[in-house]
There are 2 protein chains.
Amino acid sequence: MSFNQMTADQLSLAEAAALCAEAGIRWFGPWRHKVAEVGAAEARRILDGHGLRVSSLCRGGFFLAADEAEDNRRAVEEAAALGTDVLVLVCGPPEGADVDGARARIEAGIERLLPHAAEHGVRLGIEPLHPMMISERSAIVTLGEALDMAERIGSGDVGVIVDAYHVWWDPRLYDEITRAGRRIFGYHVADWLVPTTDRLQGRGMMGAGAIDLPRIRAAVERAGYDGPIEVEVINREAWARPGDEIVAEACAAFVAAA
Amino acid sequence: MSFNQMTADQLSLAEAAALCAEAGIRWFGPWRHKVAEVGAAEARRILDGHGLRVSSLCRGGFFLAADEAEDNRRAVEEAAALGTDVLVLVCGPPEGADVDGARARIEAGIERLLPHAAEHGVRLGIEPLHPMMISERSAIVTLGEALDMAERIGSGDVGVIVDAYHVWWDPRLYDEITRAGRRIFGYHVADWLVPTTDRLQGRGMMGAGAIDLPRIRAAVERAGYDGPIEVEVINREAWARPGDEIVAEACAAFVAAA
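All chains use their own residue numbering, which begins from 1 and follows the written sequence. Ligands are numbered from 1 and chains lettered from A, in the order in which they are written. Owing to the predicted nature of the model, reporting of local features is limited to residues with pLDDT of at least 70; listing and counting of side-chain atom pairs is limited to 80 or more, with chain, interface and lining totals taken over all residues. To obtain the side-chain values, all non-hydrogen atoms of the structure were used and water was disregarded.

Structurally, A:Ala218 can be placed in helix H9 (residues 213-222). Along the backbone, A:Ala218 and A:Ala258 are 40 residues apart, and their C-alpha atoms lie at a distance of 10.0 Å. Under the DSSP-based scheme used, a helix requires at least four consecutive residues in state H or I and a strand at least two consecutive residues in state E, with every element numbered from the N terminus.

Here it is, written out as structure tokens:
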């Protein structure tokens, strides 16, 4: 289990790292806005001090933004500085109604970033996001299209992140996980609450919702993924609560239901 | 253009029909809860009196509900009584985490309903709904799986409803529309608002959002669909406004942006 920082966005990186270490967690998934508060070198020193390894850095991407090229190069460098070989790509929304155009620009952006990533020993994980987030977060909304893109680019350094929350509804899910195989660079878990009252920040702890998490995990592992599993429960209400409670709940839910 | 009743749920069927006729609309898409207020025979008399033909009846489906078989048979009979040959199927959510099981039960339910539908000259249109509605409305969430199901059933009386709001995000959309061909029994329009603040009842008028409606319409027509296009803008805030304004806006938006 890896604890993804956004499960407890109310905590600084140092606070989250301390609570994770106390709970016996060995992996951590930082987000860049928290790393930026202290700098990547200091972030790594903090995490090392708590015996925490970095499972991935969230997030590069947003390939349609004006400053994306420079920002994504920095994200690669931060990932390397943190000692992880995985940069998660949240690819960004379309501008206006041209979704296909956005997808083409995203693919071109990943190709441009790739040499810099390879140079730093960082692999790029395309994360498809739930289609309800298309206009705010990502034009890439299915595991199938993320894989199509990775296959077209054709580098072993470009793969996918499978986040159960984003892909569980997909009738092609298990076929695409099998197809993904070793291109799975990360696996994230959270649950789909019924009802879901917040479209962007309303995820539930594992076991609290409708997703068959054990089945998805088994498929991901059968496909060959044996890395850490990130608990990424983005929930605005949880951010108003004490961080130690959230870390404890994440551990309990991971053991019981993921 | 057909005016779908849920675009103005504040109106009775008779009120909506009168406003549509005044606006020069010739097609209407009733929902069963409004038909039930007067009965199907009286509903048809009202619509006939306003020169309105019925494009489809919304909705049958919910195949995992306890009383579905009897209720869906009645829906078929109501469609026939209203003079339409299309019953829209909103297939219903999974129970718990078994999405594949739900999909199998839905398919079995459609097969059971089919002889009764054929007997009444009613075709069954499977409507895939946006994946964000899976736990409340429909385990069928992509046009591809709706078509797979229709093809497996293998009857000319089972096809699909393409609702732009539900499928616009799909990277496989245009391929699936082409594949659907004459299996398209209806085409619905609304727009995706940015941001979308209501997951179930927050659709926008055509032109107000992010969907490339002209491109989808062109694809649907190229595939062979030449029936009425239903304006189905389910928006809770609009239901608090005067119905004549909503009908006028629907007409203007249809002409300008659909």
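Next comes the rest of the description.
All right, on to the relation of the copies chain B and chain A then. Superposing chain B onto chain A requires a rotation of 180° together with a translation of 0.0 Å along the rotation axis, leaving an RMSD of 0.0 Å. Viewed as a symmetry operation, the transformation between the two copies matches a two-fold axis. The rotation axis passes nearest to the C-alpha of B:Met132 in chain B, at a distance of 3.0 Å. A shared interface surface links the copies, since 100% of the contact residues of chain B are contact residues in chain A too. The fit set for superposing copies consists of C-alpha atoms from residues with pLDDT of at least 70 in both; the fit itself is least squares. Any two residues having at least one pair of non-hydrogen atoms within 4.5 Å are treated as being in contact.

This paragraph deals with the pairing of strand E6 (residues 123-126) of chain B. Residue and element names in this part refer to chain B. Strand pairing is assigned whenever DSSP detects at least two bridges linking the two strands. Judged from the four bridges that link them, strand E5 (residues 86-90) and E6 form a sheet pairing that is parallel. Residue pairing in the sheet places valine 86 in a bridge with arginine 123 of E6. What joins E5 to E6 is helix H5 (residues 99-119), and the crossover it makes is right-handed. As paired elements, E6 and strand E7 (residues 158-163) share three bridges and run parallel to each other. By the bridge assignment for E7, isoleucine 126 is matched with valine 160. In this fold, E6 hands off to helix H6 (residues 143-153), which returns the chain to E7; that crossover is right-handed. If the strands point away from the viewer and the path from the first strand over the helix to the second runs clockwise, then the crossover is right-handed.

Residue and element names in this part refer to chain A. Throughout this description, the term salt bridge denotes a Lys or Arg side-chain nitrogen within 4 Å of a carboxyl oxygen of Asp or Glu. Tallied over the entire structure, the rule returns 50 salt bridges over all chains. We note a salt bridge from aspartate 198 to arginine 236, for which the minimum N-O separation is 3.4 Å. Of the two residues, aspartate 198 sits in the loop between strand E8 (184-189) and H9 while arginine 236 sits in the loop between strand E9 (229-231) and helix H10 (243-257), which places them 38 residues apart along the sequence. A single salt-bridge network, built from bridges that share partners, covers Arg32, Glu70, Asp71, Arg74 and Glu78.

We now examine the sheet that holds strand E5 (residues 86-90) of chain A. Residue and element names in this part refer to chain A. Pairing in this open sheet of nine strands is parallel, and the strands run E3-E2-E1-E9-E8-E7-E6-E5-E4 from one edge to the other. Strands with a single pairing partner mark the edges of an open sheet, and in this sheet they are strand E3 (53-54) and strand E4 (57-61). Pairing between E8 and E9: three bridges, direction parallel. By the bridge assignment, histidine 188 is partnered in E9 with glutamate 230. To get an axis, fit a line to the C-alpha atoms, keeping to the stretch in contact for a helix; angles then go from 0 to 180 degrees between the N-to-C directions. Against the sheet, H9 engages strand E7 (158-163), E8 and E9, with an angle of about 170° to E8.

Quick look at the side chain of A:Asn235 now. All names here are of chain A. One can find asparagine 235 in the loop between E9 and H10. What qualifies as a polar contact is a pair of N or O atoms within 3.5 Å, subject to a donor-acceptor requirement within protein and to the restriction that residues adjacent in sequence count only when both atoms come from side chains. Reaching out from asparagine 235, the side chain makes a polar contact with the backbone nitrogen of glutamate 237 at a distance of 2.9 Å. Beyond its immediate stretch of four places on either side in the chain, asparagine 235 contacts Leu193, Gln201, Gly202 and Arg203.

This part takes up helix H5 (residues 99-119) of chain A. Residues and elements named next belong to chain A. Given a helix with a known number of residues, its expected span is that number minus one, times 1.5 Å. Between its first and last C-alpha atoms H5 spans 31 Å; for 21 residues at 1.5 Å apiece the expected length is 30 Å, and the two agree. Remark: the principal bend of H5, roughly 35°, maps to leucine 113, with a proline, proline 115, within the next four residues. Working definition: with a 1.4 Å probe on protein chains only, accessible area under 20% of the residue-type maximum means buried, over 50% means exposed, and in between means partly exposed. Those residues of H5 that sit buried are Val99, Ala102, Arg103, Ile106, Glu107, Gly109, Ile110, Leu113, Leu114, His116 and Ala117. Of the surrounding secondary structure, the elements contacted by the buried residues of H5 are helix H4 (68-82), E5, strand E6 (123-126), helix H6 (143-153) and E7. A positive backbone phi angle near 70° is found at glycine 121, which sits one or two residues after H5. Fitting one axis to the seven residues ending at a residue and another to the seven starting there, the bend at that residue is the angle between the two axes.

Between chain B and chain A, the contact holds 27 residues from the first and 27 residues from the second. Once two parts are put together, the accessible area they lose, assessed with a 1.4 Å probe and summed over both, is termed the buried area. Taken as a group, B:Trp169, B:Pro171 and B:Arg199 account for 22% of the area that chain B buries against chain A, more than any other trio of residues on that side. On the surface where chain B and chain A come into contact, there are two salt bridges. For the pair chain B and chain A, the interface holds eight residue pairs in polar contact (both at pLDDT 80 or more). No other element matches the three residues that H5(B) contributes to the side of chain B that touches chain A. Each residue gets one label: Ala, Val, Leu, Ile, Met, Phe, Trp, Tyr, Cys and Pro are nonpolar, Asp, Glu, Lys and Arg are charged, and the others, such as Gly, are polar. Among the residues making up the side of chain B that touches chain A, the classes are represented as 14 nonpolar, five polar and eight charged.

So, on to unusual backbone geometry. All names here are of chain A. Note that the residue after cysteine 58, namely arginine 59, is joined by a cis bond; omega there is 0°. Of note, the phi angle at phenylalanine 62 is positive, near 45°, even though the residue is not glycine. Mapped onto the fold, phenylalanine 62 is located in the loop between E4 and H4. When its relative accessible area of 25% is taken as the criterion, phenylalanine 62 is described as partly exposed.

A few words on H10(A). All names here are of chain A. Over its 15 residues, H10 extends 21 Å from the first C-alpha to the last, a length consistent with the 21 Å expected when each residue adds 1.5 Å. Along H10, the residues that are buried comprise Gly243, Ile246, Val247, Ala250, Cys251, Ala253, Phe254 and Ala257. On its buried side, H10 packs onto strand E1 (2-4), helix H1 (13-22), H9 and E9.

Here A:His166 lies in helix H7 (residues 164-167). Excluding residues within four positions of it along the chain, A:His166 makes contact with A:Glu127, A:Pro128, A:Leu129, A:His130, A:Met133 and A:Arg203.

Residues and elements named next belong to chain B. Strand order in the open sheet formed by nine strands is E3-E2-E1-E9-E8-E7-E6-E5-E4, with parallel pairing between adjacent strands. The sheet is open, and its two borders are formed by strand E3 (53-54) and strand E4 (57-61), each paired with just one other strand. In the sheet, E7 pairs with strand E8 (residues 184-189) via four bridges, with the strands oriented parallel. Directly across from valine 162, in E8, lies its bridge partner tyrosine 187. On top of the sheet, helix H9 (residues 213-222) reaches E7, E8 and strand E9 (229-231); it is set at about 170° to E8, its chief contact.

Residues and elements named next belong to chain B. Its place among the elements puts glutamate 78 in helix H4 (residues 68-82). For the pair glutamate 78 and alanine 258, spaced 180 residues apart in sequence, the C-alpha separation works out to 29 Å. Dropping the residues within four chain positions of it, glutamate 78 is found in contact with Arg32, Ala40 and Leu57.

All names here are of chain B. Taken N-terminus to C-terminus, the directions of H6 and helix H8 (residues 173-180) make an angle of 25°; their axes are 9 Å apart at the nearest point. Regarding the angle of H6 to H8, the classification is roughly parallel. Between H6 and H8 the crossing geometry is left-handed. Touching Leu143, Gly144, Leu147, Asp148 and Glu151 of H6 are Leu173, Glu176, Ile177, Arg179 and Ala180, all from H8. In the contact of H6 with H8, the residues fall into five nonpolar, one polar and four charged. Put simply, angles under 35 degrees are roughly parallel, angles over 145 are roughly antiparallel, angles from 65 to 115 are roughly perpendicular, and the rest are oblique. Whether a crossing is left-handed or right-handed is set by the direction in which the near helix is turned from the far one by less than a right angle, anticlockwise for left-handed and clockwise for right-handed.

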